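# A look at the structure
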Amino acid sequence: MLLKNIFTHHVHFWLKNKADQQKLIEGLSILADISYVKQIHIGVPADTHRGVVDRSYDASLLIIFEDQAAHDAYQIDPIHHVFVENYAGLLCEKIVVQDSIDA
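In this text the structure is predicted, and so the values were computed from the model without any measurement.

Thresholds applied
Residues numbered from 1 in each chain as written. Predicted model: local features only at pLDDT ≥ 70, side-chain atom pairs only at ≥ 80, totals over all residues. Heavy atoms only, no water. Phe/Tyr/Trp six-rings, centres within 6.5 Å; stacked < 30°, edge-to-face > 60°. Helix = DSSP H or I, 4+ residues; strand = E, 2+ residues; numbered from the N terminus. Buried < 20%, exposed > 50% of the residue type's maximum accessible area, 1.4 Å probe, protein only. Lys NZ or Arg CZ within 6 Å of the ring centre and 35° of its normal. Contact = heavy atoms within 4.5 Å.

With that settled, the discussion passes to the packing of aromatic side chains. Summed over the entire model, instances satisfying the criterion amount to five aromatic pairs. Judged by centre distance (6.5 Å) and plane angle (80°), the rings of W14 and Y57 are edge-to-face. Pair noted here: W14 is in strand 1 (residues 7–15) and Y57 is in the loop between strand 2 (39–43) and strand 3 (59–65), with a separation of 43 residues, a long-range link. When its relative accessible area of 11% is taken as the criterion, W14 is described as buried. Relative to Y74, the ring of F65 lies with its centre 5.1 Å away and its plane at 55°, an arrangement referred to as tilted. The structure contains a cluster of three or more aromatic residues connected by ring pairs, namely F7, F65 and Y74. Sitting over the face of the ring of W14, K94 holds its NZ or CZ atom 4.4 Å from the ring centroid.

Written out as structure tokens, the structure is:
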């Protein structure tokens, strides 16, 4: 099924300490309670091994929003701020965000 008319927010996280993976995943889970989130997927690297696959990250987050306005509201939601301050900001050494819209 081709998804149309959505805004995707895909984030990859690299931990300072690999032992904190479960704590980061717990933090990511609170983001599901934000009303602007249409769908959410929290993951870890799959056991796939091809030259084009980057498995260096520790956790990923994929959120689907109705539109950019919903994404922008999510960014300033208090729950998102709790995640940034209490989880991502403390646990991660690197975060890469990829936002996309329909081509």
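So, on to the environment of L91. Note on placement: L91 falls in helix 3 (residues 78–91). L91 gets classed as buried once you look at its relative accessible area, which sits at 7%. Through-space distance from the C-alpha of L91 to that of K18 is 9.3 Å; in sequence the pair is 73 residues apart. When sequence neighbours within four positions are dropped, the list of residues in contact with L91 reads L15, K16, N17, D20, K23 and L24.

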